[in-house]
Amino acid sequence: MESGKEKVTPTASTYAMMLTFWYRFNPETSANPVATSEAQSPQELLLNIMDHNIPVTQIVADRCYESSEEASEIILLLSKAAVTLNLSKVLMELGQAEAMGSQAFDPLSDVPEVMPVRKADAKVASDEEIDAVTPAEVIPFNLDNLRRHLADVTLARRVLPEDVAARQKLLEESVYDVAVERLKHQADMFAELGLGSGSLRQPDLQKWMWSWHLKLKDRLEKEIRNIAHTESTKRQAANREHQLLSPYLSLVKAERLSLLTILEVMRLHGAGGIADGMKTTRALIAVGKAVEIEYKAQMCRQNNIPIPASSRMGENFFSNMGYRNLQERRVAAAKHMIDGEAWTASWSQSVRSKVGGILVECLMDVATVERTAIDKRTKETVSETQPAFVHSYEYLRGQKLGVIRLNPVVAERLAKDSVGETLHPRHLPMLVKPKPWVNYDQGGYLYNKSFAMRFKDSVEQQLYLKQASELGNVELVYAGLDVLGSTPWKVNKKLFDVVLKVWNSGERMGKIPPVSYDRSEPQIPENIATDMKAKSIYAQRQRSFIQGKANNHSDRCSVNYKIEIARAFLGDTIYLPHNLDFRGRAYPIPPHLNHIGDDLCRGLLVFDESKPLGERGLRWLKIHLANLYGFDKASFDERVAWVMERIDDIYDSATNPLDGRRWWTQAGDPWQCLSTCMELHAALESGDPHSYMSCLPVHQDGTCNGLQHYAALGGDARGAQQVNLAAADRPSDVYSHVGNMVEQMIDKDAERGEKWAILLKGKITRKVVKQTVMTTVYGVTFVGARDQIERQLKDRKDIAEEDCWPAASYLAKLVLACIGDLFSGAKSIQTWLNLCARLISKSIPEERLPEAMADEVISRNKGPVRGAKRKSIPMHRLKKEQMTSVIWTTPLGLPIVQPYRKNARKQVMTTLQTVFISDPNSPAEVNSMKQASAFPPNFIHSLDATHMMLTALECRNQNLTFASVHDSYWTHASSIDKMSEIIRDTFIALHSSDVLTKLQEEFLERYKGYKVPLVNLSTGQFTKSLRAAGSRIVVTPEQAKTLSTITDLLEISETEQPTIEQTDVAKSPDELEELLKDIEAEPANEAEETKEMLDELISEESEEEEEYISPQMRNARARKAEEERAKLELMGKFVNLTDIFPPLPAKGNFKVEDIKSSQYFFS
């Protein structure tokens, strides 16, 4: 029948019988196999079914099956075949058929649907109806797409309940279906804009967009001709500096340019945090790049070259590596370019921005809309033609920013979700254990490529990790990731039911935002027109209200994702594949529902495996509950007693969470607290609490873990006591200690009448100062501390919005002053790390010096050029060569590369405005200040990541379930004592290896031969810091005469080998004097030039005033001349980086082994 010989078309019954035959008699699984070479497998049959367009539901409903069990088995056969063939739609149809006829347990059968976030649909009402009709609401596209995808996942579970591997394959490979939905959504949106078809659903937009296109097409044709004529004239005038734009604009027809411009500007609507508009720089570059890509796509089509495909918008598809057929590309390029490969090269950002500037300016000139409104007094309809786009400026974080805004009526029509990339299915939890990590790009998800590290756009990091992987140096790191990823989880059904009720009610509870923003809008003061202060306060409060309302919607969308995903995976065992950030810290790859997330996520997830509590486990469960509520600075016995005193509230929370006293909602972590209340209640009511099978993760958290590592590194006994490394009867709380000190200072200031002290009196809690104290040893600045404290004061809700910022400024000074020398031991190590990083970032490899100094040697030999403006000091080339990142290796062998570089910004004049552009992929010098300030915290983070990995590996060796959130380690309650022992053992093992000495040795080896220009050491504060840290430069008495600016660092010796080297560029004393004379004469010359220009502009009376030079100006010129002298003295002179590294700080007498006796080290 399939071959056509029988001249009979197979029907649904035909295939149903063939599948029955296979099920009953196939040689693989049947008890009574029948061998035949003509029998078709389920995969072959399914393909034939699809070819004949026969619905699979008709086949599974056929009467040839003897029982419903047989029909279910046929559905299972077809489902596995559909997974193998990637036929997800067929699988969904089978899932629906199975759901209708199945009697099997469905974990979602009694679970209500999640009420999705909705937003107003601007398409429903016309302009005249906006005031009279409440707009209908729609589900945002990304969320709607996720919900449909998760529904498919649920249906797949019905037909493949046991075959989780097949379901995982479907989960990852259905990315194609999601991509199709996204593209369909995008096409629909563009169709509504008039860019995809001739018929439009919205009359107003149809009229506007079509008129824009026609006007812009004509305008561009004229504009390009004018530009070409102007550039031709300029070429004849031999103006070689002018960049030609007409060749670029002529590459694509004006009609296509018009559509591209409209398309890109509309796509960028709302991008970059600009409401109802976009940043000008981004818009210009995006439009220019769209023209570039369209031109290259045309070249491909003309020469039959496959156009590279990518799901990422704006990617450079046409780079030299972007084509599969190199020969075809070269042949095509040879037809059109003298340089055979030139057309495939990327346009510069300057060209893109200038081309985009012309196109966008033309669009703004021609694009208009007609707005209609009803006059409130006369009730007449009034119409007005307005620009569709307006260029303006606004201030963002103190910087002037050019923006292009849409007319409000256009913005209303485009009130849709972004057409950008939607949620990728690989961002969901896995149903099987992740693939073990065997290389930097092989591991995690089974069918989608993942990387072991988040490279942060740094090729350097990727190369170092790749090399380390090839050498086998990071096997323990990969093993640690495997341990974290293989921990089985499940969704806490009891807690999920409560969360879903709260969510669907729309009420604010337990950090779940309400469906409608519940903060009252500020009232307009009566004196707003006359009182500027009242007007300013109202504006500030109104901005805060609008921001809060927007944040509420954003937060609710985020929670909606988490609840939808949790619902889809109810009843399943799930796994969370992990990878690393560039410092070595581990994170789950699924971003929405994981244990590193917020309190809600952590409460929803429990271990899949249960273990009996035991006596110690029951005690730890009570301590855990006290910690989550916020009672975590008492002794363990006091915490247990505190819980038992509140057992009635705990029982009420567990049995009646929403209609009872809601004691749990006052906890610091309310959802985790409620989950623990339910677990403790179930254990105590089980009849035998010690045998109760518990699956709740119990935490052990470090006490200010960064300070713990600093204290261990420096042997700091005082610091060790502050952060519970040393044994004590009660836990030490450095945050409360600082808070009490600040409170005392505020009381004294309040007695003197200090305004902000009076306002803050009695409001300084541990939470207000915690983040600032914690980040002090990481180098937090006053500005950073002020911002941290301001956020905490706003969260209190008892301080006026306009008072938070000045109050935070006052409080930040007090907090930083109170900390003082509290962490002196940590400060010395932090300073050493900072200085090492700053020296490394200023260094240049020895082999680069000849080229770096070549330009200066040439300029010396040629001598000065008459009429040319002389650069007083040749520093520019040296700075460009300072490209050395701080790199170190963790004790587990992971290479860490700091990615901080200066992306050079280039100013480009466009027809619309001046824009600043940068290319993040171009080689750039390192950002020495960022390298230095970030090194101490990054190094400490790499240590706490190492400690966590060591603990994970040892827990796996001892068969303990393990999970972590950086310095918070999780396991079953009954395993806490064992894990606590492992935590201490691994911490001791880590710090017994003399970490700082090994780091110093690595620096000495890694940076051997690197040179630091002495001119970079001439900064006064830097020199003093190096001197204080113990750095010295050995010089001869003769060398010391020309190094007066770095005298503090010099160690004069006639016997030791000097550490300074100098190149041919170093100035002799005679040359130095000559250059100094030129420098000293420069200010006078500049003054003469200024005077000559002013003579033409000002009267004779003011000339006498211009000739006067103030003492301040004279001093400034003298300082400048002195700085120039200092730099010239040091030019061409270098010191070995390894010779100027400061010595390690002296280590204290604290022994890290003492933490074995500290019960509150992690608690």
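You'll find the structure just up there.
Because the structure is predicted, anything quoted here is derived from the model rather than measured.

*Asks:* Can you tell me about the sheet that holds strand β27 (residues 1060-1062), naming the residues and giving the values?
*Replies:* Backbone hydrogen bonds are what pair the strands of a sheet, in a parallel or an antiparallel way. Judged by pairing direction, the sheet is antiparallel, and its four strands sit side by side in the order β17-β24-β28-β27 without closing on themselves. Each edge of the open sheet is held by one strand with a lone partner, namely β17 (844-845) and β27. As judged from the three bridges shared by strand β24 (residues 1010-1013) and strand β28 (residues 1133-1136), these two strands associate in the antiparallel manner. Looking at β28, one finds that lysine 1011 is bridged to asparagine 1136.

*Asks:* Outline a nonpolar patch on the surface, listing residues and values.
*Replies:* A surface patch of nonpolar side chains, amounting to about 210 Å² of accessible area, comprises Phe21, Phe25 and Val34. Within the secondary structure layout, phenylalanine 21 lies in helix α1 (residues 12-25). Under the relative-accessibility criterion, phenylalanine 21 is labelled partly exposed at 31%.

*Asks:* Help me get a handle on the nonpolar core, residues and values and all.
*Replies:* It is characteristic of soluble globular proteins that their nonpolar side chains tend to be buried jointly. The biggest cluster of nonpolar side chains holds 202 residues, and the ones touching the most others in it are Trp671, Leu725, Phe939, Phe1003, Leu1017 and Ile1033. With 11 residues, helix α35 (residues 928-957) is the largest single contributor of residues to this core.

*Asks:* An account of the pairing of strand β16 (residues 697-701) is needed here, citing residue identities and associated values.
*Replies:* Walk down a regular strand and you will see the side chains alternate between the two sheet faces. Summarising burial for β16: four of the five residues are buried, a large majority. Where β16 meets strand β23 (residues 968-972), five bridges bridge the pair, whose relative direction is antiparallel. Within the sheet, the bridge partner assigned to aspartate 701 lies in β23 and is serine 968.

*Asks:* Break down the environment of valine 1135 for me, citing the residues and quoting the values.
*Replies:* Tracing the backbone through its elements, the reader meets valine 1135 in strand β28. Owing to a relative accessible area of 1%, valine 1135 belongs among the buried residues under this scheme.

*Asks:* Describe the sheet that holds β23, with residues and values.
*Replies:* Read across the sheet, three strands follow the order β16-β23-β22 without closing on themselves; strand pairing throughout is antiparallel. Two strands lie at the open edges of the sheet, namely β16 and β22 (963-965), each paired on one side alone. Direction aside, neighbouring strands of the sheet carry axes that sit 30° apart on average. Of the strand pairs in this sheet, β22 and β23 are connected by three bridges, and their pairing is antiparallel. Within β23, the position partnered with alanine 963 by the bridge is tryptophan 970. This element, helix α36 (residues 976-991), spans β16 and β23 of the sheet and lies at about 145° to β23.

*Asks:* Account for the pattern of salt bridges, naming residues and giving values.
*Replies:* Pairing is possible between side chains that carry opposite charge, provided their charged atoms lie close to one another. Scanning the entire structure with this criterion turns up 30 salt bridges. A salt bridge links glutamate 645 to arginine 646, with the shortest nitrogen-to-oxygen separation between them at 3.3 Å. Put simply, lysine 1008 and glutamate 1005 hold a salt bridge, and the shortest N to O gap is 3.4 Å. The same class applies to lysine 1008 and to glutamate 1005, which are both exposed. Among the charged side chains, a salt-bridge network with shared partners connects Arg219, Glu223 and Asp365.

*Asks:* Can you lay out the packing of aromatic side chains for me, pointing to particular residues and giving the numbers?
*Replies:* Enumeration according to the criterion identifies 28 aromatic pairs in this entry. With a centroid separation of 4.7 Å and an interplanar angle of 45°, the aromatic rings of phenylalanine 636 and tyrosine 1160 are classed as tilted. Remark: tyrosine 1160 occurs in the segment after α43 (1137-1140) and phenylalanine 636 occurs in helix α22 (residues 636-645); sequence separation between them is 524 residues. For phenylalanine 636, a relative accessible area of 6% gives the class buried. Each member of the aromatic cluster is reached from another via a ring pair, and the members are Trp888, Phe935, Phe939, Phe1003, Tyr1007, Tyr1010 and Phe1141. The ring of tryptophan 503 has arginine 556 sitting right over it, with the charged end atom 3.6 Å from the ring centre.

Here is what the cut-offs are and how they apply
- Residues numbered from 1 in each chain as written.
- Predicted model: local features only at pLDDT ≥ 70, side-chain atom pairs only at ≥ 80, totals over all residues.
- Heavy atoms only, no water.
- Pairing = 2+ DSSP bridges.
- Helix = DSSP H or I, 4+ residues; strand = E, 2+ residues; numbered from the N terminus.
- Patch = residues over 30% accessible without salt bridge, like charges linked within 9 Å, V, L, I, M, F, W, Y side chains within 5 Å.
- Areas by Shrake-Rupley, 256 points an atom, 1.4 Å probe, with all protein chains shown as cover.
- Salt bridge = Lys/Arg side-chain N within 4 Å of Asp/Glu carboxyl O.
- Buried < 20%, exposed > 50% of the residue type's maximum accessible area, 1.4 Å probe, protein only.
- Core = buried A, V, L, I, M, F, W, Y, C linked by side-chain atoms within 4.5 Å.
- Axes fitted to C-alpha atoms, helices over the stretch in contact; angles between N-to-C directions.
- Contact = heavy atoms within 4.5 Å.
- Phe/Tyr/Trp six-rings, centres within 6.5 Å; stacked < 30°, edge-to-face > 60°.
- Lys NZ or Arg CZ within 6 Å of the ring centre and 35° of its normal.

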